[in-house]
2 protein chains.
Amino acid sequence: MKETTRRTLLTGSVAAGAALVAAPSLAAAPAAGRQAPGIYRSKIGSYELTALYDGTWFRKIDDGFVRNASGAEVNKALADAFLKPGIVPTSFTALLVNTGSKLVLIDAGTGGQLGPDTGALPGALAAAGVEPNAIDAILISHFHPDHINGIKDKDGKKVFANAEILVPAPEWAYWMDDARLSAASDAMRPQFLNARRIFRDIAGEVKRFELGKEIAPGITPVSAYGHTPGHTGFAVASGNQSLLVLGDTTNHPWLFARHPQWQGSFDIDGAMAVETRRRMLDRAAADKMLVQGYHFPFPALGYIVKTASGYDVVPVMWQPL
Amino acid sequence: MKETTRRTLLTGSVAAGAALVAAPSLAAAPAAGRQAPGIYRSKIGSYELTALYDGTWFRKIDDGFVRNASGAEVNKALADAFLKPGIVPTSFTALLVNTGSKLVLIDAGTGGQLGPDTGALPGALAAAGVEPNAIDAILISHFHPDHINGIKDKDGKKVFANAEILVPAPEWAYWMDDARLSAASDAMRPQFLNARRIFRDIAGEVKRFELGKEIAPGITPVSAYGHTPGHTGFAVASGNQSLLVLGDTTNHPWLFARHPQWQGSFDIDGAMAVETRRRMLDRAAADKMLVQGYHFPFPALGYIVKTASGYDVVPVMWQPL
């Protein structure tokens, strides 16, 4: 079957005779040509975690990407991570938590709307054997498009038909405020409009939560304001184990954990974002907590180590469940 | 379907009535209960690489695990990696190289013979859509069981029926030497016998290669003697890109890259193993080479950075192909 397909492809692009001559020197298995689904399972207490890779946005950056660092400094940080200059490969990894009684998705992915290499979450979920209809709740850290767009498909239909959607109350208040929309800069306006596109017609189904109270079994929202006004992390606890979900507290760790003082252009309140980042990373380092960072390299789970100048992330080692 | 299955399971273990009462409080999707297949694709030049996770051996260690470091020093290195004391989680990742004309497997996995969490390679290969029969060649770095046992299944049948098997000539000479078997210590004897179990009845099909000459398209064996007498790395080149396959030059990087002077109890010539390790890691660091380490955490690909006291591994960031 595979060889036939291959030959058909070849005869489509070159003369049939040449293809038949070339065929015997081809490997029996054609190259796959695309990445495998990104699925990584682990446990905390009795909860099963599944990291779901949604893709990578190859974000082209200019000198304004970090407000208080030069393009050269950012490129140096990229080079230290063996990444190309001028491009921040920003990956997206949502986290599925099976508490035994609830199936909870933390952040909903890009919906494929951040370039050709994004939108892998539904495929990863399918490969993990989970039906979108089985998701009981979606917890949203904040209203940036790469966290909420996956709630709907390209036709505007809800992807997770049975899921209750829970969002931070101050985040809702900020992005749904018509006065703020009117006053928004050209750069910010699309984000206001996008939040409305996702939430307006399902507003009645969206539950707005406050900090400090459990919103799903063992899951409590934690203040992480700064990146956006209502940006929220989550503490997940089961048995005597726990996980701190950082959301966008720290974007690419090779940039923003190593240089915690950097204010990203995407941080609405840069100074507060830095303060929040230091507070959360200090806590994670001191308590040797497992953390999840939405933009950390897949599987986006690791530990924080304090260094002389900032923090390092020690990624979890791929292990059996 | 899933709910039916779940209820059936429940009624199997508790009274039917109780199960019906309990059912509504369960998450709709049951926990998967096992790790997802470990498959990671990347490219060098026109070659497609597929890292295939075979599993992890939770190796209990004692003071003798590193000949020239105490158990306390090893435990400190494990703690720095957020791993438990007294256990080195030793993972196994084979590398499949599709050169376009050949499908080449570098090392063959454990065959599931290093504990319950090993032997995942055939499943990973299937999930990657590759038939075992499609493999054209298997390159063996050395004759330790975790690298050669996957050549055969539990019934002694060849797993990769059409693959040519290529092994380092000095490795063959060492392990197949009857005089050495007779003189072997009790600890070493099983390794001699295991090598014979794998290779004896297929000896005519096994090709023994020397260093420095291409043995598959773009793949050249590189001296890495020390871990075993014929232990061999591989340089893989396509276009202007290359990869250095380290084999077992560096076992768990948090232990042996960070502490390159450590002589593992599994290194037959500890001093030579250290010399080889430093030479290969120095080269990789100086040339910013992509490296693959059989016992590096999956996907077992990364870059080497020289530090004040040793080396660090910067794992590749999970990206689209």
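Keep in mind that this is a model prediction, so the values were computed, not measured.

**Student:** I'd love a proper account of the overall build of chain A, names of residues and values included.
**Tutor:** Counting its secondary structure elements, chain A contains ten helices and 13 strands. For 321 residues, the compact-globule estimate of 2.2 N^0.38 gives 20 Å, and the C-alpha radius of gyration of chain A, at 21 Å, lies within 12% of that figure. Taken along its principal axes, the extent of the C-alpha atoms in chain A is 70 × 45 × 45 Å. A total of 321 residues make up chain A; the buried ones form 45% of that total. Taking the intrachain contacts of chain A between residues at least 6 apart in sequence as the baseline, contacts between residues at least 24 apart amount to 67%.

**Student:** Could you give an account of helix 10 (residues 270–286) of chain A, with specific residues and numbers?
**Tutor:** All names here are of chain A. An ideal rise of 1.5 Å per residue puts 24 Å on 17 residues; helix 10 measures up with 24 Å between its terminal C-alpha atoms. Along helix 10, the residues classified as buried are A273, V274, T276, R277, M280, L281 and A284. The buried residues of helix 10 occupy an angular sector of 165 degrees when the element is viewed end-on, so they sit on one face. For helix 10, the elements touching its buried residues are strand 9 (232–238), strand 10 (241–247), helix 9 (253–256), strand 11 (290–293), strand 12 (301–306) and strand 13 (311–315). Count one or two residues on from helix 10 and you reach K288, which has phi positive near 50 degrees.

**Student:** Account for the interface of chain B and chain A, naming residues and giving values.
**Tutor:** Taken together, the 47 residues of chain B in the interface contact 47 residues of chain A. With four residues, strand 2 (residues 47–60) of chain B is the single largest residue contributor to the side of chain B that touches chain A.

**Student:** Please set out the relation of the copies chain B and chain A residue by residue, giving values where relevant.
**Tutor:** Each copy superposes on the other: chain B lies on chain A with an RMSD of 0.0 Å after a rotation of 180 degrees and an axial shift of 0.0 Å. Both copies of the chain, as the preceding transformation shows, are related through a two-fold rotation axis. Comparing contact sets, 100% of the residues at the interface of chain B also lie at the interface in chain A, consistent with an isologous, same-surface contact.

**Student:** I'd like to hear about the domain arrangement of chain A, residue by residue, with values.
**Tutor:** The domains assigned to chain A are domain 1 (1–33) and domain 2 (38–315). Each of domain 1 of chain A and domain 2 of chain A was reduced to a C-alpha centroid, and the two centroids are 43 Å apart.

**Student:** Outline the confidence of the model for chain A, listing residues and values.
**Tutor:** All names here are of chain A. Looking at chain A as a whole, the pLDDT averages 92, with 92% of positions reaching at least 70. A low-confidence stretch, residues 1–24 (pLDDT under 50), is modelled with eleven contacts involving residues beyond four sequence positions or located in other chains. Here the prediction assigns the complex a pTM of 0.92, and the interface score ipTM is 0.91.

**Student:** Account for the sheet that holds strand 6 (residues 164–168) of chain B, naming residues and giving values.
**Tutor:** All names here are of chain B. Taken together, seven strands build an open sheet; the order of strands is 1-2-3-4-5-6-7 and the sheet is mixed. Looking along the sheet, the strands with just one partner apiece sit at the ends: strand 1 (39–44) and strand 7 (206–209). Direction aside, neighbouring strands of the sheet carry axes that sit 25 degrees apart on average. Bridge analysis of strand 3 (residues 87–98) against strand 4 (residues 103–106) gives four bridges, and the strand direction is antiparallel. Its bridge partner lying in strand 4, V97 is registered against V104.

**Student:** Can you explain the environment of E48(B)? Please cite residues and give values.
**Tutor:** Take E48(B): it is sitting in strand 2. Note: C-alpha distance between E48(B) and N98(B) (50 residues apart in sequence) is 5.1 Å. Among residues more than four places away in sequence, those in contact with E48(B) are A31(A), A32(A), R41(B), K43(B) and N98(B).

**Student:** Can you break down the sheet that holds strand 12 (residues 301–306) of chain B residue by residue, with the values?
**Tutor:** All names here are of chain B. The six strands lie next to each other as 8-9-10-11-12-13, forming an open sheet whose pairing is mixed. The strands lining the two open edges of the sheet, one partner per strand, are strand 8 (219–223) and strand 13 (311–315). On average, each strand axis in the sheet is inclined to that of its neighbour by 35 degrees, with strand direction left out of account. As paired strands, strand 11 (residues 290–293) and strand 12 are joined by two bridges and run antiparallel to one another. Among the inter-strand pairings, V291 is bridged to a residue of strand 12, identified as G302. On the sheet, helix 10 (residues 270–286) packs against strand 9 (232–238), strand 10 (241–247), strand 11, strand 12 and strand 13 and is oriented at approximately 95 degrees with respect to strand 12.

**Student:** Tell me about the environment of F209(A), and please be specific about residues and values.
**Tutor:** Residue and element names in this part refer to chain A. Along the chain, F209 turns up in strand 7 (residues 206–209). Accessibility expressed as a C-beta count within 10 Å gives 20 for F209, which makes it buried. As for F209 and A169, which are separated by 40 residues in sequence, their C-alpha atoms are 5.3 Å apart. In contact with F209, not counting residues within four places along its chain, are L166, P168, A169, I215 and P221.

**Student:** Which residues make up helix 8 (residues 189–199) of chain A, and what values go with them?
**Tutor:** All names here are of chain A. Taken residue by residue, helix 8 has F192, A195, I198 and F199 as its buried positions. The buried residues of helix 8 occupy one face: seen down the axis, they fall within an arc of 130 degrees. The secondary structure elements touched by the buried residues of helix 8 are helix 5 (145–148), helix 6 (169–175), helix 7 (178–183) and strand 7.

**Student:** Could you give an account of the pairing of strand 1 (residues 39–44) of chain A, with specific residues and numbers?
**Tutor:** Residue and element names in this part refer to chain A. Here strand 1 runs beside strand 2 (residues 47–60); their pairing, made up of six bridges, is antiparallel. Following the sheet pairing, K43 is matched in strand 2 by E48. Where strand 1 folds back on strand 2, the antiparallel hairpin that results is connected by two residues, among which G45 adopts a positive phi of roughly 55 degrees.

**Student:** Break down unusual backbone geometry for me, with residues and values.
**Tutor:** Backbone phi values are negative for most residues with the exception of glycine, while trans is the configuration of most peptide bonds. With an omega dihedral of 5 degrees, the bond running from F298(A) to P299(A) counts as a cis peptide bond. By secondary structure assignment, the location of P299(A) is in the loop between strand 11 and strand 12. Backbone geometry places A300(B), a non-glycine residue, at a positive phi of 65 degrees. Within the fold, A300(B) resides in the loop between strand 11 and strand 12. We classify A300(B) as buried; it has 28 C-beta atoms within 10 Å.

**Student:** Describe the environment of V314(A), and please don't skip the residues or the numbers.
**Tutor:** Mapping V314(A) onto the fold places it in strand 13. Classification of V314(A) by C-beta neighbours within 10 Å gives partly exposed; the count is 14. For the pair formed by V314(A) and P260(A), sequence separation is 54 residues and the distance between their alpha carbons is 16 Å. Non-local contacts of V314(A), meaning those with residues more than four positions away in its chain, are made with G302(A), Y303(A), V305(A), A81(B) and F82(B).

Thresholds applied
Residues numbered from 1 in each chain as written. Chains lettered and ligands numbered in written order. Predicted model: local features only at pLDDT ≥ 70, side-chain atom pairs only at ≥ 80, totals over all residues. Helix = DSSP H or I, 4+ residues; strand = E, 2+ residues; numbered from the N terminus. Rg over C-alpha atoms; globule rule 2.2 N^0.38 Å. Buried ≥ 20, exposed ≤ 12 C-beta atoms within 10 Å, placed from the backbone. Contact = placed C-beta atoms within 7 Å. Expected span 1.5 Å × (residues − 1). Arc of directions from axis to C-beta. Least-squares fit on C-alpha atoms with pLDDT ≥ 70 in both. Domains from an automatic or database assignment. pLDDT = per-residue confidence, 0-100. Pairing = 2+ DSSP bridges. Axes fitted to C-alpha atoms, helices over the stretch in contact; angles between N-to-C directions.

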